Number of protein chains: 2
Amino acid sequence: MLSERRLEVLRAIVQDYVGTEEPVGSKALTERHKLGVSPATVRNDMAVLEDEGFIAQPHTSAGRIPTDKGYRLFVDKLAGVKPLSSPERRAIQNFMDGAVDLDDVVARTVRLLAQLTRQVAVVQYPSLTRSTVRHVELLSLAPARLMLVLITDTGRVEQRMIDCPAPFGETSLADLRARLNSRVVGRRFADVPQLVQDLPESFDKEDRGTVSTVLSTLLETLVEETEERLMIGGTANLTRFGHDFPLTIRPVLEALEEQVVLLKLLGEATDSGMTVRIGHENAHEGLSSTSVVAVGYGSGDEAVAKLGVVGPTRMDYPGTMGAVRAVARYVGQILAES
Amino acid sequence: MLSERRLEVLRAIVQDYVGTEEPVGSKALTERHKLGVSPATVRNDMAVLEDEGFIAQPHTSAGRIPTDKGYRLFVDKLAGVKPLSSPERRAIQNFMDGAVDLDDVVARTVRLLAQLTRQVAVVQYPSLTRSTVRHVELLSLAPARLMLVLITDTGRVEQRMIDCPAPFGETSLADLRARLNSRVVGRRFADVPQLVQDLPESFDKEDRGTVSTVLSTLLETLVEETEERLMIGGTANLTRFGHDFPLTIRPVLEALEEQVVLLKLLGEATDSGMTVRIGHENAHEGLSSTSVVAVGYGSGDEAVAKLGVVGPTRMDYPGTMGAVRAVARYVGQILAES
DNA sequence: TGCTGGCACTCCCCCGCAGTGAGTGCCAGA
DNA sequence: TCTGGCACTCACTGCGGGGGAGTGCCAGCA
């Protein structure tokens, strides 16, 4: 096991490297941190840390740089989550208050996160799977054309057109609307299928086809929308990435355009608590020099979606984690209120 | 006025520069284009073109590069709109078919445009101002809590929560819903305010407050949503921008994050036909080395929103314009069908 | 055993330099 | 008005040497 001081050296290396973006040498370390030992000793420690794979040097006779493994240790053992300053807290409030729409909430969250962390922010729309039905509305647009509107407890609205096999009267429509709502309102989406499965039977024969169509569209919507949408922002922060631009930034931008990739990225985050994926820990290879900090957020005690940031492995982990957590909490509150 | 041949030289310069990304010299020009004259003659022409401000040289003894003014002339006089190849047309169809949602249509359009032009694509959601009301729905969520849902002919749905000043009965609600719809369905959003203005008077005194609240929320929604939403994609294509990355790409990414800027950009495009803004013609200075090609699209004969691409001034104008126009038309068709 | 100072060594980085070649401008002649 | 020829400019490349930051190792000391 690594001695206390060696861990301290690693911490110092990470902090300095994050600050300066340059390999850090033994002399500079002793000058900027009160380690109480000489550069030579630090050099020995560094040799050990390098043997263990926590740091590396770009080339002989250069300073050291933390490896993914080094950052991992730093995050797990050496770094806390830095709480936000109170001006920052106030900024969050100012920024988020005044959001009306769910869209608006998500959009503001993205901007806020990007601004606070100076990195790329990713926010997933509240998921349908875990949320509950607030209301189902059926509108008649034409004799054999309906519109289905689904409203969730998180304020999300989905709509679908339905072409009916046969004309559907206003009274039948009102009937279906009422029965549908009485069964599913307040229930979880996952439970809906079995709750409505026997509904067609209670209708006249001529209406059954339409009722079935409506129901299957409803169920389809549930399934389809489990594929989540998300919003990203702060991509301009990618330009602060490093010196060797094109090669680094390109794959990241490409990955960010692939919703699927991002969703998987966020999805990997465990439900409870914050997840940090560092460099190669990310499955996607375009993101091998980035870290992802993600956390779930929700209107109640339960996470309905996730949000996080994507940035260079060389990032300020404590600060980033603090910002992500704070924002997630605040968004959760907002959702709970509405 | 410039002679025929000089224009031809300009065209050749633009084409070569767009292809190679390198300043083009007189010798290379005569080799790659059948101008029928010697390099020396071309040099003289170039001198004239430079005097007139159509081309410039990065430094003495380098080849020439088109200026914004040069591109402008090229676009106005020398370049047509290149129609898409039939494989490309088929690609559009394959790509767009199967879109269900309005969201989906917009998302697919963005990806398609980005892919076809290999540039950054921007698509504005169909605007509410010009579209018409398909349906207004009122749902009672709690005794004194309503949800207003607004559905447009372009398939867009907006919803708002309403806290009522007083409880509102189901019959009153049905009544309001019916009267509201009978007045506004099929009408343009711009006309709605005057169509509903006397509606509260026809209700019982106790309900008037609520009716007014509902109406003002409706009108607010119309106004608010005139601030359009939009979707962008293909930012990874920015990496093909040039060699001097950070400085070029950064302001562009920043500009792209500012919806306001983008909306203004698209807004500047005239209603009819395609608009090309080259380099400094764009008001926003972060975009001074980019060009914007935009065009309106709509479900009928009238444009309801705009779409376009943002790319380096050094872009393939005919091809880009062709792709933008084709996509706009196709999206228009899709909207008309649904 | 662990820490320290000293010392030789290794490379990266920066700078100046000359050679190369593409491209230009100008001029005299067809 | 076009053309070939010619001198000139200047970015780009490759090379070599000094400077410096940093390392690894070793011998001495608590």
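Residue numbers here run from 1 along each chain, matching the order of that chain's written sequence. Each chain takes a letter, starting from A, and each ligand takes a number, starting from 1, following the order in which they are written. Given that the model is predicted, a residue must reach a pLDDT of at least 70 before its local features are reported, and side-chain atom pairs must reach 80 or more before they are shown or counted; all residues, however, enter totals for whole chains, interfaces and linings.

Per an unreviewed UniProt entry, the recorded name for chain A is Heat-inducible transcription repressor HrcA, and the organism is Streptomyces enissocaesilis. Among the UniProt annotations of chain A, the heading Sequence similarities (unreviewed entry) holds the following wording: "Belongs to the HrcA family." UniProt positions are given in the numbering used here, feature names are shortened, and annotations may be inferred rather than shown by experiment.

Colleague: Which residues make up the overall build of chain A, and what are the values?
Modeller: Counting from the N terminus, the helices are DSSP H or I runs at least four residues long and the strands are E runs at least two residues long. For chain A, the helix and strand inventory stands at 12 helices and 10 strands. Summarising its shape, the C-alpha atoms of chain A cover approximately 90 × 40 × 35 Å along the three principal directions. A total of 338 residues make up chain A; the buried ones form 41% of that total. Throughout, a residue-residue contact means that the two C-beta atoms, derived from backbone geometry, are no farther apart than 7 Å. In chain A, 61% of the contacts between residues at least 6 apart in sequence involve partners at least 24 apart. Buried means a residue has 20 or more other C-beta atoms within 10 Å of its own C-beta, exposed means 12 or fewer, and partly exposed covers the counts in between; C-beta atoms are placed from the backbone.

Colleague: Please give an account of the environment of A:Thr320 that cites residues and values.
Modeller: Mapped onto the secondary structure, A:Thr320 falls in helix H12 (residues 317-337). The spacing of A:Thr320 and A:Leu307 is 13 residues in sequence and 12 Å in space, taken between C-alpha atoms.

Colleague: Residue-level account of the interface of chain A and chain B, with values.
Modeller: You'll often see interface size given as the accessible area lost when the parts meet. The interface is formed by 21 residues belonging to chain A together with 21 residues belonging to chain B. Those elements that provide at least two residues to the side of chain A that touches chain B are strand E4 (133-142), strand E5 (145-152), strand E6 (157-163) and helix H10 (245-257) of chain A. Across the side of chain A that touches chain B, the residue classes break down as 11 nonpolar, five polar and five charged. Any residue outside Ala, Val, Leu, Ile, Met, Phe, Trp, Tyr, Cys, Pro, Asp, Glu, Lys and Arg is labelled polar, Gly included; the first ten of those are nonpolar and the last four are charged.

Colleague: Would you mind going over unusual backbone geometry in detail, with residue names and values included?
Modeller: All names here are of chain A. Its identity is not glycine, yet Glu-21 carries a phi of approximately 65 degrees, on the positive side. Tracing the backbone shows Glu-21 in the loop between helix H1 (4-20) and helix H2 (26-32). Here Glu-21 falls in the partly exposed class, since 14 other C-beta atoms lie within 10 Å of it. In this structure, Ser-61 takes a positive phi of about 60 degrees despite not being glycine. Here Ser-61 shows up in the loop between strand E1 (55-56) and strand E2 (65-66). On the basis of neighbour count, Ser-61 is assigned to the exposed category, with 7 C-beta atoms found within 10 Å.

Colleague: Describe the protein's contact with DNA strand C, with residues and values.
Modeller: Nearness between a residue and a molecule or strand is assessed with a C-beta atom placed from the backbone; a distance within 6 Å qualifies. Taken together, 20 residues sit near DNA strand C, with A:Val37, A:Ser38, A:Thr41, A:Ser61 and B:Gly25 positioned nearest. Of all the elements in the fold, those that place two or more residues in the surface near DNA strand C are helix H3 (39-51) of chain A together with helix H2 (26-32) and helix H3 (39-51) of chain B. At four residues, H3(B) tops the list of elements feeding residues into the surface near DNA strand C. Of the residues that constitute the surface near DNA strand C, the class distribution is seven nonpolar, 10 polar and three charged.

Colleague: Run through the protein's contact with DNA strand D, naming residues and quoting values.
Modeller: Residues in close proximity to DNA strand D total 20 residues, the closest being A:Gly25, B:Val37, B:Ser38, B:Thr41 and B:Ser61. Contributions of two or more residues to the surface near DNA strand D are made by H2 and H3 of chain A together with H3 of chain B. The leading source of residues in the surface near DNA strand D is H3(A), at four residues.

Colleague: Explain the sheet that holds E6(A) to me, and be specific about the residues and the numbers.
Modeller: Sheet strands pair via backbone hydrogen bonds, and the direction of the pair is either parallel or antiparallel. Residue and element names in this part refer to chain A. The strand order across the open sheet formed by three strands is E4-E5-E6, and the pairing between neighbours is antiparallel. Looking at strand neighbours, the two that pair on one side only are E4 and E6, the edges of this open sheet. Between one strand axis and the next, the sheet turns through 20 degrees on average, direction left out of account. Any two strands with at least two DSSP bridges between them are considered paired. Strand direction decides the pairing type here: E4 and E5, joined by eight bridges, are antiparallel. Bridging from a neighbouring strand, Val-136 pairs with Leu-150 of E5. A fitted line through C-alpha atoms serves as each axis, taken over the contacting stretch for helices, and the angle formed by two N-to-C directions is quoted from 0 to 180°.

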